[in-house]
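This is what each chain is made of:
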Amino acid sequence: MSKIYQLDHLYQLSVTLGNTLDLCHEVATFMQWLADVVRPDMAFLFLIDENRQRLRLVKTLGCEVPIRQDVPLGFDLWRWLAEQGVIMPSGERHTRYAVPISFEGRLYGTLCLVSQQCPEKLQKEQQLVNTAAGFLAPVLCNIRLYQTLERQVAERTAALAASEERHRRLAERLRILREMDQAILAARSPEEIAEAAVKHIRKLIPSLGAGIAKFDFSVGTAILLATNVSLRDWLRPGLKVPLAGVEPLIAELRQGAINQVDDLQAMPSPLPEALQLLQAVGVRSYIAIPLMIQDTLMGALCIGAQEPAAFSEEHIEVASEIANSLAIALHQKQLFQEVQRQRRQVRALAAQIDQIEQAERRRLAHELHDQIGQNLTALSIHLSTIRTILSPETAHRALPRLDDAITLVEEIAQRIRDVMAELHPAILDDYGLLPALRWYAENFSQRTGIIAHVRGDDEAPRLPSRVETTLFRIAQEVLTNVAKHAQATRVTITLEMKGEGACLMITDDGVGFDPTTLQKPEQRERWGLRIMRERAEAIGGRLSIHSAPGKGTQVVVEIGTTQT
Amino acid sequence: MEAMSDSRLEISVFLADDHAVVRDGLRLILETQGSFSVIGEAADGHEAIRQICRLCPDVAIIDIAMPKLDGIEVTRRISQSCPNTRVIILSMYATSEHIYRALQAGAQGYLLKESAGREVVEAVQAVHAGQRYLSRRIADAVVEEYIRLRQSGPVESPLERLTWREKEILQLVVEGKSSAEIAEILSLSPKTVETYRSRLMQKLNIHDIPGLVKFAIRQGLISLDD
């Protein structure tokens, strides 16, 4: 074989190798060159695998027998080949040598050759193969790098996709949780809160359904606040479930731990009634998450599935988050309801006291009229009678005193009349609100010099006595305010009947004020506003105040048409 | 009791009051005077009507607050069925409403109970003579009230009929704002503004915008200088 020929082929090899990133193709090119140019008896190309643990036999030349494909790194390759009967244990006529395929100090494989060349030619052949292997090594290195990169890209792409999917799920979860929190916020009762949560749970956790129960340990029951619509036939809200038999479960919940059952069927029967109910609706696995308020167990959120072991860590995490929101909302609502209830109680009490006071005032006024008034009348008449029957002898001495006495009685009567009117004007009972307002306005005008005018329909039907009294008291209070603060010259009191309801409107032309100042409690007190409001509300009415600096003030009390 | 109606000098009087002491006392005072004869008494409203219609006294003194039928109603019925009988209402109350209702029902006199002993003779004589009689204390109050009312001039400004909202909207309408603009300013729906507008126009009995503007100028809501 001429040297020119060899060099030419070496050159050909150098330009052909490395044109692709296909390992098989590159290996084939190399081995083809080996077969064409070096023509060994046999050749075995081993490449180190990526983990650098084993050598893989990737290509052979001149080997007819089947042969295993890989060998541990560091194993004697000749022995390995001999053991398989590929070569003679030690060749006399065969010359064999191995050429390492390395680049930049890193080994990529080994080429084993069996040649028939005579020793003097062998050296040249080895040189040639070494050079060729020198060409192959960087190509292999390049391919390896490329493969590594490609795998990394694939891995990262997959990781990215996975994380995008996770983000999407997380975002979706957050969106639903937010939606649920909003629904919970808008809810007006514990039942509505529970309902809102139950509605959203199935969107977050694939399940048969969810239920929220409140525990009443005093009677040992759980009361269902809400369940999914699909479960309502069996588990309707309001249902009381006995806690007997599930005490260990409750004890766990009390500790704040989640109770998870992967298969109800695997539990020893008979099941406690609470769990039987779950089974009855088709639940096999469930999770129960405690609803805790300040370390006190108040209820539980229970999610059930038809499949065994349906709940993952992530499901439990979401369910815990929901339970958290739920517990806070339920606690808050409970406190709010308690405050409301107390406020209603106080208000009812105040209204009751007010009513008792009004009744007492009325009773006193009647008492004054019926007893004292009548007696004064009798006294006056008696005195007058005595006056007419006095003998002329005594008359000149007694008459002045008698007249004084009669005048005194008249003055007492006048005073009693004023007290009566102050306690409870008879006119209010006798003729109704409008005449009473008119009478009061007259007195008010005389007292204050402010022109008070009353408008209304005299033919309108009377309002219930309690409403009349309340509106009259409010009008008195408002007029007192007008006299004290408004610097008004005129005030108009309008009473309009609207169906069964009424509207009392008191408008003055005084200095007015900035209504936002009423947000301050001391200002409200100054105007007696709280009492007026509560009085109005006690008869199902609504009191509003309109004013602006320099524009007078208008107080409006509206009584609904259905309430009295 | 019917015998004395022969004498034209005597004035026949009927007393209706649920208190015997009052009836007895008044009877004694009147009869001591010599020129009156008390021809009947009643302790409740129904009895009073029946007796008065039968006896036709010159004067009936009727308590305003009686069981079964109050004095005002008794007065109203008597003045219809027995117009020759003059009625004096006897009352503890001194409000103009009570007095007005009594007079409107047909009473000629209104006597405060505590002054009855002193004034009854004068009162009966007065109403019998065709005059009205009000207890002195009341007469003073009524005159004062009359004077006060006369002084206070025209009582009501039409603006006072409007609610606060209606006034706000009137102001904006006469400033030339459209319903849409007003709705914007007050954060209401244009429909609500329309409702307020038509209601205030109805209340003021003004049915067009120029009319409203004229009204607003008169009331000082807007001035021509603006």
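Only a predicted model underlies this, so the values are computations on that prediction, with no experimental measurement involved.

## A short note on the overall build of chain B
Argument step 1. Scanning chain B for helices and strands turns up 10 helices and six strands.
Argument step 2. Taken across its 226 residues, chain B has 39% of its residues classed as buried.
Argument step 3. Expressed as a percentage of contacts within chain B between residues at least 6 apart in sequence, the contacts between residues at least 24 apart total 60%.

## Brief notes about helix α2 (residues 45-55) of chain B
Residues and elements named next belong to chain B.
Argument step 1. Within α2 the residues assigned to the buried category are Gly45, Ala48, Ile49 and Ile52. Seen end-on, α2 carries its buried residues on one side only, within an arc spanning 95 degrees. Residues of α2 that are exposed and point over 90 degrees away from its buried face: Arg50 and Arg54.
Argument step 2. Next to the buried residues of α2 lie β1 (11-16), β2 (36-42), β3 (59-63) and α3 (71-81).
Argument step 3. In the stretch just after α2, Cys56 is the one whose phi turns positive, near 45 degrees.

## Comments concerning the interface of chain B and chain A
Argument step 1. Contacts between chain B and chain A engage 31 residues on the former and 37 residues on the latter.
Argument step 2. For the side of chain B that touches chain A, the elements supplying multiple residues, two or more each, are α1 (20-33), α4 (96-105), α5 (113-128) and α6 (136-151) of chain B.
Argument step 3. With seven residues, α1(B) is the single largest residue contributor to the side of chain B that touches chain A.
Argument step 4. Partitioned by chemical class, the residues of the side of chain B that touches chain A number 11 nonpolar, 10 polar and 10 charged.

## Digging into the sheet that holds strand β14 (residues 501-508) of chain A
All names here are of chain A.
Argument step 1. Spatially, five strands are ordered β12-β13-β14-β16-β15 in an open sheet, and the strand pairing comes out mixed. Edge strands, defined here as strands with exactly one partner in the open sheet, are β12 (451-456) and β15 (541-547). Each neighbouring strand pair of the sheet contributes to a mean axis angle of 10 degrees, computed without reference to strand direction.
Argument step 2. Strand direction decides the pairing type here: strand β13 (residues 490-498) and β14, joined by eight bridges, are antiparallel. What sits directly across from Thr492, in β14, is Thr507.
Argument step 3. Across the face of the sheet, helix α14 (residues 529-538) comes into contact with β15 and β16 (553-559) while running at roughly 145 degrees to β15.

## Brief notes about the pairing of β2(B)
Here is the key point about a regular strand: its side chains alternate between the two faces of the sheet.
Residues and elements named next belong to chain B.
Argument step 1. The buried count for β2 comes to six of seven residues, which makes it a mostly enclosed element.
Argument step 2. In this structure, β1 lies alongside β2, joined through six bridges in parallel fashion. When the sheet's bridge partners are listed, Ala16 is paired in β2 with Ala42.
Argument step 3. Crossover handedness for the path β1 to α1 to β2: right-handed.

## Thoughts on the packing of helix α8 (residues 313-389) of chain A against α5(B)
Argument step 1. It is the contact of α8(A) with α5(B), at a shortest axis distance of 7 Å, that shows an interaxial angle of 15 degrees. Classified by the angle between their axes, α8(A) and α5(B) sit roughly parallel to one another. The crossing of α8(A) and α5(B) is right-handed. Seen from α8(A), the contacting residues are Gly373(A), Leu376(A), Thr377(A), Ser380(A), Ile381(A), Leu383(A), Ser384(A) and Thr385(A); seen from α5(B), they are Lys113(B), Glu114(B), Ala116(B), Gly117(B) and Arg118(B).
Argument step 2. By residue class, the composition of the contact of α8(A) with α5(B) is four nonpolar, six polar and three charged.

Definitions and cut-offs
Going along each chain's sequence as written, the residues are numbered from 1 onward. A letter from A marks each chain and a number from 1 marks each ligand, given out in the order of writing. The model is predicted, so local features are restricted to residues of pLDDT at least 70 and side-chain atom pairs to those at 80 or more, both for listing and for counting; the totals for chains, interfaces and linings are taken over all residues. To qualify as a helix, a DSSP run of H or I must reach at least 4 residues; to qualify as a strand, a run of E must reach at least 2; elements of each kind are numbered from the N terminus. Once C-beta atoms are placed from the backbone, each residue is buried if 20 or more other C-beta atoms lie within 10 Å of its own, exposed if 12 or fewer, and partly exposed for counts between those two. Note that contacts rest on C-beta atoms placed from the backbone: two residues are in contact if these are within 7 Å. The arc in question is the one traced by the directions running from the helix axis out to the C-beta atoms. Think of it as three bins: nonpolar holds Ala, Val, Leu, Ile, Met, Phe, Trp, Tyr, Cys and Pro, charged holds Asp, Glu, Lys and Arg, and polar takes everything else, Gly as well. One requirement defines pairing of two strands: DSSP has to find at least two bridges between them. Comment: axis = line fitted to C-alpha atoms, over the contacting stretch for helices; angle = value between 0 and 180 degrees taken between N-to-C directions. Crossover handedness is defined here as right-handed if the route from the first strand over the helix to the second strand goes clockwise, with the strands pointing away from the viewer. Oblique is the label for every angle not falling under 35 degrees (roughly parallel), over 145 degrees (roughly antiparallel), or within 65 to 115 degrees (roughly perpendicular). Here is the rule for handedness: rotate from the far helix to the near one, and if that takes an anticlockwise turn smaller than a right angle the crossing is left-handed, while a clockwise turn gives right-handed.

Don't take any of this as a statement about function, it's just geometry.
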